[in-house]
Structure formats: structure tokens, C-alpha cells
Amino acid sequence: GEEVAQTPKHLVRGEGQKAKLYCAPIKGHSYVFWYQQVLKNEFKFLISFQNENVFDETGMPKERFSAKCLPNSPCSLEIQATKLEDSAVYFCASSQTTGNYGYTFGSGTRLTVV
Amino acid sequence: SQQGEEDPQALSIQEGENATMNCSYKTSINNLQWYRQNSGRGLVHLILIRSNEREKHSGRLRVTLDTSKKSSSLLITASRAADTASYFCAPGGLTGGGNKLTFGTGTQLKVEL
């Protein structure tokens, strides 16, 4: 079936290094969301896109974090100069244009900053 | 955005029993969704109930919604060990598909053999 593909599954970075995560949403889904799960059960919304446009970036840290969704490319989330506190699982989700359908989540990228 | 709060935080039952978990929220909603997260995996959408619906079924799942009380419940009947997971509710706002979901801390369900 259709799925949201996130790569890589695991990423290890030394403190201060850059980390780049990728997400291929389901074809035809207009919206893409990024979430950060630090502790086992706490999800933090980071940013969402409507096609290639930023839709809501209220959860995005002002420094070091950036994201893009370009046409014909996977979406990306980039963290410059990673810190230990950035260690988390990052989930991407996509949804259809209307709001009465469930969102489809990827299986996440586990980022470990050492 | 709305955030749902799940209750209880943890629930342990025997296989074959029913599991009920609750969700409360604070503002008006367009719909409410329930998701499951198995350990180490992403969230899986279980069911969506619209604000004009009171009850919805999907297989062994039954969801109710009471907008006057701003609450929802998820019932899993005849539970199985494979149902062991964390369950999250996500109230959906009045905007369209771009409405971000805000999750609570979930209910951790453990189904024992």
C-alpha cells in the first residue's frame, strides 16, 4: 500500500555536525508535517507544508532548524550544528487536502547526537 | 490548535478483555482522530469521527464522541497481545487538511497473555 517514506531510519551525528532527514509523502497528498518525539510519548509539532509552501512553522526552533518541500523531490528537515538535545525520533506525516481523512505517518528517523 | 488529553496514562488488561481509553479536549472541533503507536514505530491512524457523529465502529474498535462534554472514548473489544501499544487522540480544528495535530502523552495499553 501507499506509505510515507522516511530516510534514513537511523542517523548518528557528533555534536556540531549537520543532520539532514528526508520524507517522501504520499502522492496526491497536499500537506506534509514534521514532528519531533523526544521522550517516548511526547510529540512536538515542528512545521507543515502545503505543497512546496510553508503552511505553519510555529513549532520550528528559530535557530539551526530548516525545512523544505521542493517539487519532484523528497521533503527535507535539516539541523545545523546539532546539539545533544536534538536526539529524538523525527516523524513526517502527509494528508489530503480536506480535513476529514486520517494522516499517514512515516516510520521515523532516529537521530542520535553524540 | 487543540490538544487531546488521554486517560488513563497506563492500562494493563488480560487478553480477551475489553480496553477503554478516554480523551478530553478544550475547544470546538471538526473531527477527532485516534492513532496507535507500537514501540519504535510511527503513528498509525485508527479511526476518525466527525463532530456530527456520536459513534463509529471499525472492526474491534468503537469510538464515541460527546461534543457537549468535549470528550471521546476508544473501546477495543476482545483485546489481543498485538494491541499492546500507545494510543493517542487528536482533536481536529475547524480548518482544512493542513490542520496540525497536537498529541497528548497517550494511553499505554499492555495486553497480557
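On a predicted model such as this, the values are computed, not experimentally measured, just so you know.

So, how was this worked out
- All residue numbers here refer to positions counted from 1 along the written sequence of the relevant chain.
- Going through the entries in the order they are written, you letter the chains from A and number the ligands from 1.
- With the structure being a predicted model, the display of local features is reserved for residues of pLDDT at least 70 and the display and counting of side-chain atom pairs for 80 or more, all residues being used for whole-chain, interface and lining totals.
- Water and hydrogen atoms were dropped before computing side-chain values, which therefore reflect all heavy atoms in the structure.
- A run of H or I in DSSP counts as a helix once it spans at least four residues, and a run of E counts as a strand once it spans at least two, with each numbered from the N terminus.
- Note on method: radius of gyration uses C-alpha positions; expected globular size equals 2.2 Å times residues raised to 0.38.
- Only protein chains enter the accessibility calculation, which uses a 1.4 Å probe. A residue is then buried if its area is under 20% of the maximum for its type, exposed if over 50%, and partly exposed in between.
- Should DSSP find at least two bridges between two strands, the strands are regarded as paired.
- Lines fitted to C-alpha atoms define the axes here, with helix axes fitted over just the stretch in contact, and angles between the N-to-C directions of these axes take values from 0 to 180 degrees.
- Definition of nonpolar core: a set of buried residues of the types Ala, Val, Leu, Ile, Met, Phe, Trp, Tyr and Cys, connected through side-chain atoms within 4.5 Å.
- Contacts were defined at the residue level, with two residues in contact if any of their heavy atoms lie within 4.5 Å.
- Sulfur atoms of two cysteines make up a disulfide when they are within 2.5 Å.
- The buried area of a pairing is the accessible area, by a 1.4 Å probe, that goes missing from both parts when the two are put together, added over both.
- Salt bridge, as used here, is a side-chain nitrogen of Lys or Arg placed within 4 Å of a carboxyl oxygen of Asp or Glu.

**Q** How do you make sense of the overall build of chain A when you look at a structure like this?
**A** Scanning chain A for helices and strands turns up zero helices and 11 strands. In chain A, the order of α-helices and β-strands from amino to carboxyl end is β-β-β-β-β-β-β-β-β-β-β. Taking 2.2 N^0.38 as the reference for a compact globule, 114 residues should give roughly 13 Å; the C-alpha atoms of chain A span a radius of gyration of 13 Å, in line with that estimate. Oriented by its inertia axes, the alpha-carbon framework of chain A measures out at about 40 × 25 × 25 Å. Within chain A, buried positions represent 47% of all 114 residues.

**Q** What exactly am I supposed to notice about unusual backbone geometry here?
**A** In this structure, the amide linkage connecting T7 of chain A to the following residue, P8 of chain A, adopts the cis form with an omega of -10 degrees. Inspection of the secondary structure assignment puts P8 of chain A in the loop between β1 (5-7) and β2 (10-13). The linkage connecting D7 of chain B with the following residue, P8 of chain B, adopts the cis geometry, with an omega of 0 degrees. Here P8 of chain B lies in the loop between β1 (5-7) and β2 (10-14). At K70 of chain B, a residue that is not glycine, the phi angle is positive and equals roughly 50 degrees. One can find K70 of chain B in the loop between β7 (61-66) and β8 (71-76). Here the phi dihedral of A78 of chain B falls at roughly 45 degrees; this positive angle occurs in a residue that is not glycine. Secondary-structure assignment places A78 of chain B in the loop between β8 and β9 (85-92). For A78 of chain B, a relative accessible area of 38% translates into the label partly exposed.

**Q** Explain the sheet that holds β7 of chain B to me, please; I cannot follow it from the model alone.
**A** Within a sheet, adjacent strands bond to each other through the backbone by hydrogen bonds, running parallel or antiparallel. Residue and element names in this part refer to chain B. Within the open sheet, the five strands sit side by side as β1-β3-β8-β7-β6. Their pairing is antiparallel. The sheet terminates laterally at β1 and β6 (55-58), the two strands that pair on one side only. Going across the sheet, the axis of each strand differs from the next one's by a mean of 20 degrees, ignoring polarity. Here strand β3 (residues 19-24) runs beside β8; their pairing, made up of six bridges, is antiparallel. Within β8, the residue paired with S24 across the bridge is S71.

**Q** How should the nonpolar core be read in this particular structure?
**A** Nonpolar side chains in soluble globular proteins tend to end up buried together. Ranked by size, the top nonpolar core spans 23 residues in total, and within it V32, W34, L77 and Y90 of chain A carry the most contacts. Taken together, the elements giving at least two residues each to this core come down to β3 (19-24), β4 (31-37), β5 (43-50), β7 (65-68), β8 (75-79), β9 (88-95) and β11 (109-113) of chain A. Contact partners of L77 of chain A, with chain neighbours within four places excluded, come to A19, K20, L21, W34, L46, M60, F65, S66, A67 and Y90 of chain A. Within the second largest apolar cluster, 21 residues are counted, among which are C23, I47, L65 and L109 of chain B.

**Q** Explain the state of the cysteines here, please?
**A** Note on terminology: a disulfide is the covalent bond linking the sulfur atoms of two cysteines. This structure, assessed with the given rule, holds three disulfides over all chains. One disulfide bridge connects C69 of chain A with C75 of chain A, the sulfur atoms lying 2.0 Å from each other. An S-S torsion of about 110 degrees defines the bridge between C69 of chain A and C75 of chain A as right-handed. Overall, the relative accessible area of 4% leaves C75 of chain A in the buried class. Note on cysteine connectivity: C23 of chain B is disulfide-linked to C89 of chain B, with sulfurs 2.0 Å apart. Disulfide C23 of chain B-C89 of chain B: the torsion about the S-S bond is 70 degrees, which places it as right-handed.

**Q** When you look at the interface of chain A and chain B in this model, what are you seeing that I'm missing?
**A** By a frequent convention, interface size equals the accessible area lost on bringing the separate parts together. With 25 residues of chain A at the interface, the matching set in chain B holds 24 residues. Counting the surface lost from both chain A and chain B, the interface buries some 1,900 Å², and carbon and sulfur atoms represent 50% of this. For the chain A face of the interface with chain B, the top three residues by lost area are N41, N100 and Y103 of chain A, together amounting to 33%. Viewed at the interface, chain B and chain A are joined by one salt bridge.

**Q** Would you take a moment to explain the pattern of salt bridges for this structure?
**A** Any two side chains of opposite charge can pair, on the condition that their charged atoms come close. Under the criterion given, the structure shown has five salt bridges over all chains. A salt bridge links E78 of chain A to K20 of chain A, with the nearest nitrogen and oxygen atoms 3.5 Å apart. Placement of E78 of chain A in strand β8 and of K20 of chain A in strand β3 is noted, with a sequence separation of 58 residues between them. Here D56 of chain A and K100 of chain B are joined by a salt bridge, their closest N and O atoms 3.5 Å apart. Within this pair, whereas D56 of chain A is found in strand β6 (residues 53-56), its partner K100 of chain B is found in the loop between β9 and β10 (107-112), the two belonging to separate chains. Given the relative accessible area of 18%, D56 of chain A is considered buried.

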